[in-house]
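# Analysis of the macromolecular model
Each chain, letter by letter, is given below.
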Number of protein chains: 2
Amino acid sequence: MVYPSKKIQLALGLIFILFISACQNGGNFNKSVDDPLPSWNDGDSKQAIAEFVNAVTDLNSPDYVAPADRIATFDNDGTLWAEQPYYFQLQFALDRVKAMSAGHPEWQKDPLFRAVLENDMKTVLSFGKHGLLKLIMTTHAGMTTDEFSQIVKDWIRSAKHPKTNKLYTEMVYQPMLELLDYLRQNGFKTFIVSGGGIDFMRPWVEEVYGIAPDQVVGSSGKVEFEMRDGQPVLIKLPEINFIDDEEGKPVGIHQYIGKKPIAAFGNSDGDLQMLQWTAAGEGKSLLVYIHHTDAEREWAYDRESPIGRLDKGLDEAMERGWTIVDMKNDWKSIYP
Amino acid sequence: MVYPSKKIQLALGLIFILFISACQNGGNFNKSVDDPLPSWNDGDSKQAIAEFVNAVTDLNSPDYVAPADRIATFDNDGTLWAEQPYYFQLQFALDRVKAMSAGHPEWQKDPLFRAVLENDMKTVLSFGKHGLLKLIMTTHAGMTTDEFSQIVKDWIRSAKHPKTNKLYTEMVYQPMLELLDYLRQNGFKTFIVSGGGIDFMRPWVEEVYGIAPDQVVGSSGKVEFEMRDGQPVLIKLPEINFIDDEEGKPVGIHQYIGKKPIAAFGNSDGDLQMLQWTAAGEGKSLLVYIHHTDAEREWAYDRESPIGRLDKGLDEAMERGWTIVDMKNDWKSIYP
């Protein structure tokens, strides 16, 4: 009986080792040894990302960072999903104006609203930031937060992009989805830090990006607590609370996250201060600009674009050796 | 050879089951079957907590809640740590006035600041909320966020409570530390939602409560992005950004967390709207008031106390059958 007993011991030992290692992988028995970034072509960008992740996660590396401090922040428009011909949230506001117009006959006399209803985008955009803000305020206030959340959910489930005819959530970037997963698998906490509206993003980003609402930083309007028929509600007011863009991004990061990121990803000058703030941390950091260079599969734009302009940021990125992702050459595919 | 082979099969099967179940527990092989709340006496409060946790985590329960929606919010002052004879952050501000006084000879002519320097708390408190705000603004602004964080860390490491002579972090409530752990072990995400300053709490709550800075909601001042010698800094301004108290708590929960909690814990009327907001959720919720009833081991106060008044909240809690924790009878020990 000696022979089978040794066999048992061996089998038990082997199984023990196998399961221990599986448990250390968070119980993931099928942990893939494949490339975690399959939609990224080999090259400087992919290499910079992998080297950074290895450096901050390797206990023996001088650049090791404890999991609690592995904070990565991502702009949304133009970084995680597309933003042309204009921000998708503006498309949402335009659609809302149309949906609400029956109850607002006075809009026919307002040149801005009339232009929206007549699909005259040239005139709409001629009103500049002030006009856009008016559209946002009109369509993003005057209801409870729960009601607004439902409106966003209904829109995002059905509205289609005028050029691609895809759902907007089908215009997220596949390589960035892989990057989010890759970072989280390496103990990073991933945050959105976007100029977009926080109440516009939260209803869908958890499902699409795997980012929980409390890890979304964005622009916001004021809300007010009220009792309606004995039930508490929060009313969205037509008043700006916070603009999470440019100098606002480090402010938003401080107020919401409370730690300096060690990795930051953006695509426009509006992200420059976030990257500067991240670069000013004590240890190693990863600073990445997504450069829209692919006119065929997506859009090509940078220094002259009214949406997502990348000019000062591009100069600073080149000067300081930050990672500039060339969408055309670095990405095998754009959308999922 | 049939007999040992069956033995092997049996052993393998058993081990497989053991390890699978260990893996499902997050690889925790030594998962204690002991009471997760050893500092809580058996009674209604402990039972209400355990029943709620079982109901929302049991896949077969009609009250099951997915982990992503298991949000629990905790007030800090009087709920996670003590708050008498006055908020610890006020003690911090008083200590800062003293530390900064050498550079401010003009304070000798200001009745409020002179009272602080002369330890005349009766006069200090006679200035009311306006006076306290002035002390907070003076001591919490005019430096970078990093500098302020360091000042808080130095203070919390050394300052002692005037009555107990303990470090302030030794005046956190042991039963609540166990409760935080117990909820997290059951897939809850735990948040602080406090009227206290967000920049005052964040430097130490991660170590003391296991709550990361991005899960801290609180009152805040405005901050401004600035370049100093080519380095970006955030300057704390003497201007209120947000007061996270009373009606502000549901607002803060919305702006920072973006989901309605399913469990909320407070101790004063300042927490009432947070509990109402949580109770208004669709599924099962747990609403808990910590009632300070232990004059011997801590302090006994409620309806008449200027600090941490619990009056309207106590009425509503009794009326609606919320859980009221009787510190004297429900807690075996107070501090760790």
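Up top is the structure these notes are about.
Figured I'd write up the structure that's included with this text. (Residues numbered from 1 in each chain as written. Chains lettered and ligands numbered in written order. Predicted model: local features only at pLDDT ≥ 70, side-chain atom pairs only at ≥ 80, totals over all residues. Heavy atoms only, no water.)

### Side note on the overall build of chain A
- What chain A contains, in helices and strands, is 13 helices and 8 strands.
- By its C-alpha atoms, chain A is 95 × 55 × 40 Å across when sized along the principal axes.
- Of all 336 residues assigned to chain A, the portion counted as buried reaches 52%.
- Summarising the internal contacts of chain A: among those between residues at least 6 apart in sequence, 64% fall at separations of at least 24. (Helix = DSSP H or I, 4+ residues; strand = E, 2+ residues; numbered from the N terminus. Buried < 20%, exposed > 50% of the residue type's maximum accessible area, 1.4 Å probe, protein only. Contact = heavy atoms within 4.5 Å.)

### Quick word on the pattern of salt bridges
- In total, this model carries 33 salt bridges over all chains according to the counting rule given.
- Notably, a salt bridge pairs K260 of chain B with D146 of chain A, separated by 4.0 Å at the nearest N-O pair. Taken together, the positions of K260 of chain B in the loop between α10 (248-257) and β5 (263-266) and D146 of chain A in helix α7 (residues 145-158) put the pair across two chains.
- K259 of chain B serves as the salt-bridge partner of E206 of chain A, at 2.8 Å between the closest nitrogen and oxygen. Linking E206 of chain A in helix α9 (residues 198-209) with K259 of chain B in the loop between α10 and β5, this pair reaches from one chain into another. (Salt bridge = Lys/Arg side-chain N within 4 Å of Asp/Glu carboxyl O.)

### Description of a nonpolar patch on the surface
Residue and element names in this part refer to chain A.
- Together, L133, I240 and I243 give the surface a local cluster of nonpolar side chains, amounting to about 230 Å² of exposed area.
- Structurally, I243 is set in the loop between β4 (231-242) and α10 (248-257).
- I243 gets classed as partly exposed once you look at its relative accessible area, which sits at 45%. (Patch = residues over 30% accessible without salt bridge, like charges linked within 9 Å, V, L, I, M, F, W, Y side chains within 5 Å. Areas by Shrake-Rupley, 256 points an atom, 1.4 Å probe, with all protein chains shown as cover.)

### Considerations on the packing of aromatic side chains
- In the structure shown here, the tally under the stated rule is 33 aromatic pairs over all chains.
- Aromatic pair W81 of chain A and W204 of chain A: ring centres 4.4 Å apart, planes at 25 degrees, arrangement stacked. Note that W81 of chain A is positioned in the loop between β1 (71-74) and α3 (88-100) and W204 of chain A in helix α9, a separation of 123 residues in sequence.
- We classify W81 of chain A as buried; its relative accessible area is 0%.
- Relative to Y168 of chain B, the ring of W155 of chain B lies with its centre 4.9 Å away and its plane at 15 degrees, an arrangement referred to as stacked. Of this pair, W155 of chain B sits in helix α7 (residues 145-158) while Y168 of chain B sits in the loop between α7 and α8 (174-185); the two residues are 13 residues apart in sequence, bridging distant segments of the chain.
- A relative accessible area of 1% places Y168 of chain B in the buried class.
- Three or more aromatic residues joined by ring pairs form one cluster here, namely W81, F88, F92, F148, W155, Y168, F200, W204 and Y209 of chain A.
- Above the plane of the ring of W277 of chain A lies K260 of chain A, whose end atom (NZ or CZ) is 4.1 Å from the centre.
- Stacked on the ring of F148 of chain B, the Lys or Arg K236 of chain B has its end atom at 4.6 Å from the ring centre. (Phe/Tyr/Trp six-rings, centres within 6.5 Å; stacked < 30°, edge-to-face > 60°. Lys NZ or Arg CZ within 6 Å of the ring centre and 35° of its normal.)

### Some thoughts on the side chain of K236 of chain B
Residue and element names in this part refer to chain B.
- Here K236 lies in strand β4 (residues 231-242).
- Judged by its relative accessible area of 6%, K236 falls in the buried class.
- Apart from residues no more than four positions distant in its own chain, K236 is found in contact with H140, A141, G142, M143, T144, T145, F148, D199, K222 and V223.

### Quick word on the sheet that holds strand β6 (residues 286-291) of chain B
Residues and elements named next belong to chain B.
- Strand order in the open sheet formed by 7 strands is β4-β3-β2-β1-β5-β6-β7, with mixed pairing between adjacent strands. In the strand order of this sheet, the two ends are held by β4 and β7 (323-326), each with one partner. On average, each strand axis in the sheet is tilted by 30 degrees relative to the strand beside it, whichever way the strands run.
- With 4 bridges joining them, β6 and β7 adopt parallel strand pairing. Each bridged residue has a counterpart across the sheet, and for I290 the counterpart in β7 is V325.
- Contacting β6 and β7, helix α12 (residues 312-320) crosses the sheet at an angle of about 135 degrees to β6. (Pairing = 2+ DSSP bridges. Axes fitted to C-alpha atoms, helices over the stretch in contact; angles between N-to-C directions.)

Any functional reading would require information beyond the geometric quantities listed.
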